[in-house]
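Structural features, examined
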Amino acid sequence: MAKSESLIPLKMLLFSFHASNTVILSFLPLYLQFKGLNGTEIGWVLAIGPLASIFAQPFFGYLSDKYKTVKWILLICIIGLIIGSTLFFQMNTLVSIIMMGAVFYFFTTPIGALGDSLAQRRADDLHISFGTIRTWGSIGFATSALVVGEVLANIGIQYMIIPYLFFGTIALLVVFRLKDVKVESDPVQLKDVKKIITNKPFLIFLGLILFITIGHRANDSFIGLYIEQLGGSEGLVGLAWFVGVATEAAVFACAGFWFKKFHPLIFIIIAGVLFSMRWFLFAAVEAPVHIISLQFLHGLTFGVFYVSAFGYVTRLIPSILQSTGHLVFFATFFGVSGIVGSLVGGAIFDNFGGGTLYFGMGSLALIGTVLLIVYHVLPYGKEIPSGGT
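All values reported here derive from a predicted model rather than from experimental measurement.

You can see L343 is positioned in helix α14 (residues 322-352). In this structure, the C-alpha to C-alpha distance between L343 and S221, residues 122 residues apart in sequence, is 10 Å. Every residue in contact with L343, bar those within four places of it in the chain, is listed here: G43, W44 and A47.

What follows is the structure, given as structure tokens:
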């Protein structure tokens, strides 16, 4: 099978899943506001996803490594996504939304990590850049943000389940055509997981990136509400996401040209500096159009940070535990960070406004960047453990 043919289903899966994820990430806060929830309550609901991911991602990652398949674990999760979302969007009270949201997110949150883990393995097999595959997720995200934003601006935010299920169904159809991973080693055992939880460079790195990823996740949760606070509409929210993720897609597509030029920690630190600048600028804006004009920084922050961090983590963990390690990374990046960003961010947004929230995010990113510089200078920031590749 030709390279292009073997990768088409994977690229389509990334496109369709991230297109569906756009609907949740970009517009769920506005949907919950339509349901009558305030900023703090929206933060509680948004924190359920990251909380569920902390349990779901290592769980499904372990199953993937144990049974040597990504494809069939993805199928289970996507079926759960469709059933869970259908029920989730029927809920009307805060308690029922949170409870059903936990079930929905349990199946949804591992999909992105499993898809990226499969993309990393296929990229290694074919000796191509991970970013050239992953960019299709960003293209799906950007396309969906622009189109769905305009659709919801016209038909109403209460109908956001329609585009979500549309993209989710495409993902379900595509997953059957995926080319699964081929692993020759014995199935992973629980005792093998000790190699991850005793890997000091890996654990220290995960702890340090929290200072940057908390702000990133808080922005995911509240940029839509911030744009509305500044006088914007659903259409402008979609446009902001489109501009940001379009630059992200460009960064992913070109990753093969820049990523291996220097140590990945150099790019992570550069992204940390830009994250801090980005949030300080967001804190100072006075109109929604300013947010949109600054969204080109999304690719230079998240795009560079994610590709570099994902690649660095891949080098730190044993190959037999790739899925488990990747999903532990995801649980930290999107789980722990998402809980703190949603809960604390919701309270700050509710009581002090978006400007104060973004100033705090900028300060946190600056601290994290300084700590990462120290980490890079020390031995743990340079050494790759034997067996980590």
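On the surface, L146, V147, V151, I155, Y159, I162 and L239 cluster together into a nonpolar patch covering about 560 Å² of accessible area. Sort the elements by how many residues they give to the nonpolar patch and helix α5 (residues 130-155) lands first, with 4 residues. As for its placement among the helices and strands, L239 is situated in helix α9 (residues 234-253). Exposure remark for L239: the relative accessible area of 30% places this residue in the partly exposed category.

Helix-helix packing is characterised by the crossing angle of the two axes and by the distance between the axes. Following both chains from N to C, one finds helix α2 (residues 39-67) and helix α3 (residues 71-88) inclined at 145°, their axes separated by 9 Å at the closest point. Residues F60, L63 and S64 of α2 pack against I73, I76 and C77 of α3. Grouping the amino acids of the contact of α2 with α3 by side-chain chemistry returns 5 nonpolar, 1 polar and no charged.

Bringing the pattern of salt bridges into the picture now. Taken as a whole and judged by the stated rule, the model has 3 salt bridges. Salt-bridge contacts for D220 lead to R217; the nearest nitrogen and oxygen are separated by 3.0 Å. Taken as a pair, D220 and R217 lie in helix α8 (residues 200-229) at a separation of 3 residues, close to a single helical turn. Neither D220 nor R217 differs from the other in exposure class; each is buried.

For the rest of this paragraph, the subject is the confidence of the model for the protein chain. Scored by pLDDT, the protein chain comes out at a mean of 87, with 93% of its residues at no less than 70. Contacts of residues 385-389 to residues separated by more than four positions or lying in other chains number 14 contacts, the stretch itself having pLDDT below 50.

Contact geometry for helix α11 (residues 264-284) and helix α13 (residues 297-316): axes closest at 8 Å, N-to-C directions at 150°. Relative to α13, the element α11 is oriented roughly antiparallel. As α11 runs across α13, the sense of the crossing is left-handed. In this structure, α11 contributes P264, L265, F267, I268, A271, L274, F275, R278 and L281 to the contact, and α13 contributes L297, H298, L300, T301, F302, V304, F305, S308, A309, Y312 and R315. Partitioning the contact of α11 with α13 into residue classes produces 15 nonpolar, 3 polar and 2 charged.

Our next topic: the nonpolar core. Core analysis: the largest hydrophobic core is formed by 122 residues, its most contacted members being L28, L32, M160, F205, F305, Y306 and F329. It is helix α1 (residues 3-34) that contributes the most residues to this core, 14 residues altogether. Contact partners of F205, with chain neighbours within four places excluded, come to L265, I268, A309, Y312, V313, L372 and Y375.

How each quantity is defined
- Residues numbered from 1 in each chain as written.
- Predicted model: local features only at pLDDT ≥ 70, side-chain atom pairs only at ≥ 80, totals over all residues.
- Heavy atoms only, no water.
- Helix = DSSP H or I, 4+ residues; strand = E, 2+ residues; numbered from the N terminus.
- Contact = heavy atoms within 4.5 Å.
- Patch = residues over 30% accessible without salt bridge, like charges linked within 9 Å, V, L, I, M, F, W, Y side chains within 5 Å.
- Areas by Shrake-Rupley, 256 points an atom, 1.4 Å probe, with all protein chains shown as cover.
- Salt bridge = Lys/Arg side-chain N within 4 Å of Asp/Glu carboxyl O.
- Buried < 20%, exposed > 50% of the residue type's maximum accessible area, 1.4 Å probe, protein only.
- Axes fitted to C-alpha atoms, helices over the stretch in contact; angles between N-to-C directions.
- Nonpolar A, V, L, I, M, F, W, Y, C, P; charged D, E, K, R; others polar.
- pLDDT = per-residue confidence, 0-100.
- Parallel < 35°, antiparallel > 145°, perpendicular 65-115°, else oblique.
- Left-handed = near helix turned anticlockwise from the far one by under 90°.
- Core = buried A, V, L, I, M, F, W, Y, C linked by side-chain atoms within 4.5 Å.

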